[in-house]
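# Working through the structure, step by step
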Amino acid sequence: MKIATSITFCAQAMSKTVRTDVGLIFFEIQVELMKIAAPLKNLMKERGWLRVPPRYNPPGNPNSI
(Lines give C-alpha, C1' and ligand atoms only; values in the text may rest on other atoms or scores of the structure.)
Protein backbone atom coordinates (compact mmCIF):
# COMPACT_ATOMS: atom_id res chain seq x y z
CA MET A 1 0.00 0.00 0.00
CA LYS A 2 2.84 2.38 0.81
CA ILE A 3 4.49 1.72 -2.55
CA ALA A 4 1.27 2.45 -4.45
CA THR A 5 0.79 5.65 -2.48
CA SER A 6 4.37 6.70 -3.17
CA ILE A 7 3.99 6.08 -6.92
CA THR A 8 0.84 8.22 -6.95
CA PHE A 9 2.56 10.97 -4.95
CA CYS A 10 5.51 11.03 -7.36
CA ALA A 11 3.15 11.33 -10.34
CA GLN A 12 1.29 14.21 -8.72
CA ALA A 13 4.50 16.00 -7.76
CA MET A 14 5.93 15.48 -11.24
CA SER A 15 2.86 17.03 -12.85
CA LYS A 16 2.78 20.01 -10.47
CA THR A 17 6.44 21.00 -10.57
CA VAL A 18 7.53 23.89 -12.74
CA ARG A 19 11.18 22.94 -12.96
CA THR A 20 12.06 20.15 -15.38
CA ASP A 21 15.01 18.88 -13.35
CA VAL A 22 12.86 18.41 -10.25
CA GLY A 23 10.25 16.62 -12.35
CA LEU A 24 12.93 14.25 -13.63
CA ILE A 25 13.99 13.47 -10.07
CA PHE A 26 10.42 12.49 -9.19
CA PHE A 27 10.26 10.45 -12.42
CA GLU A 28 13.41 8.53 -11.48
CA ILE A 29 12.01 7.80 -8.03
CA GLN A 30 8.74 6.64 -9.59
CA VAL A 31 10.58 4.27 -11.95
CA GLU A 32 12.50 2.73 -9.05
CA LEU A 33 9.28 2.24 -7.09
CA MET A 34 7.64 0.56 -10.10
CA LYS A 35 10.61 -1.82 -10.39
CA ILE A 36 9.92 -2.84 -6.79
CA ALA A 37 6.14 -3.03 -7.23
CA ALA A 38 6.05 -5.25 -10.34
CA PRO A 39 7.41 -8.42 -8.67
CA LEU A 40 5.30 -7.72 -5.58
CA LYS A 41 2.14 -7.64 -7.70
CA ASN A 42 2.93 -11.06 -9.18
CA LEU A 43 3.68 -12.44 -5.72
CA MET A 44 0.38 -11.09 -4.38
CA LYS A 45 -1.51 -12.75 -7.26
CA GLU A 46 0.24 -16.10 -6.66
CA ARG A 47 -0.60 -16.08 -2.97
CA GLY A 48 -4.21 -15.07 -3.53
CA TRP A 49 -3.91 -11.69 -1.84
CA LEU A 50 -4.88 -9.83 -4.99
CA ARG A 51 -7.95 -10.86 -6.95
CA VAL A 52 -8.89 -9.68 -10.39
CA PRO A 53 -12.49 -8.41 -10.42
CA PRO A 54 -14.96 -9.89 -12.92
CA ARG A 55 -15.25 -8.21 -16.29
CA TYR A 56 -17.81 -5.38 -16.41
CA ASN A 57 -20.42 -5.58 -19.14
CA PRO A 58 -22.57 -2.44 -19.33
CA PRO A 59 -26.31 -2.84 -19.88
CA GLY A 60 -27.22 -2.98 -23.55
CA ASN A 61 -23.87 -4.39 -24.58
CA PRO A 62 -24.49 -6.95 -27.35
CA ASN A 63 -21.65 -9.14 -26.03
CA SER A 64 -23.06 -9.37 -22.50
CA ILE A 65 -24.18 -12.78 -21.32
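Values in this document were obtained by computation on a predicted structure and should not be read as measured data.

## Here's the deal with the packing of aromatic side chains
Within this structure, the stated rule accounts for one aromatic pair. Here phenylalanine 9 and phenylalanine 26 contribute two aromatic rings whose centre-to-centre distance is 6.2 Å and whose plane-to-plane angle is 80 degrees, an arrangement assigned as edge-to-face. Here phenylalanine 26 lies in helix H2 (residues 20-46) and phenylalanine 9 lies in helix H1 (residues 2-16), a separation of 17 residues in the sequence.

## Considerations on the pattern of salt bridges
Summed over all chains, the structure comprises two salt bridges. Of the charged contacts in the structure, one is a salt bridge between arginine 19 and aspartate 21, with a shortest N-O distance of 2.7 Å. For arginine 19, a relative accessible area of 52% translates into the label exposed. Looking at aspartate 21, the relative accessible area reads 40%, which means it is partly exposed. A salt bridge links glutamate 32 to lysine 35, with the nearest nitrogen and oxygen atoms 3.5 Å apart. Within this pair, glutamate 32 and its partner lysine 35 are both found in helix H2, separated by three residues, close to a single helical turn.

## Things to note about the layout of surface pockets
There is about 250 Å³ of room inside the largest pocket. Contributions of two or more residues to the lining of the largest pocket are made by H1 and H2. Looking at which element gives the most residues to the lining of the largest pocket, the answer is H2, with five residues. Per-class residue counts for the lining of the largest pocket are eight nonpolar, no polar and one charged.

## Observations regarding H1
Between the first and last C-alpha of H1 there are 21 Å, a value that for 15 residues agrees with the 21 Å anticipated at 1.5 Å per step. Every buried residue belonging to H1 is among Ile7, Cys10 and Ala13, and all of these are buried. The buried side chains of H1 occupy one side of the element, clustering within an arc of 130 degrees when seen end-on. Relative to its buried face, H1 has exposed residues pointing more than 90 degrees away, namely Ser15 and Lys16. The inward-facing, buried residues of H1 abut H2.

Cut-off values and rules
- Residues numbered from 1 in each chain as written.
- Predicted model: local features only at pLDDT ≥ 70, side-chain atom pairs only at ≥ 80, totals over all residues.
- Heavy atoms only, no water.
- Phe/Tyr/Trp six-rings, centres within 6.5 Å; stacked < 30°, edge-to-face > 60°.
- Helix = DSSP H or I, 4+ residues; strand = E, 2+ residues; numbered from the N terminus.
- Salt bridge = Lys/Arg side-chain N within 4 Å of Asp/Glu carboxyl O.
- Buried < 20%, exposed > 50% of the residue type's maximum accessible area, 1.4 Å probe, protein only.
- 1 Å grid on protein atoms, 1.4 Å probe; cavity = no way out; pocket = protein on both sides within 12 Å on 5 of 7 lines; lining within 4 Å.
- Points joined across faces, edges and corners; volume = space filled by probe spheres on them.
- Nonpolar A, V, L, I, M, F, W, Y, C, P; charged D, E, K, R; others polar.
- Expected span 1.5 Å × (residues − 1).
- Arc of directions from axis to C-beta.
- Contact = heavy atoms within 4.5 Å.

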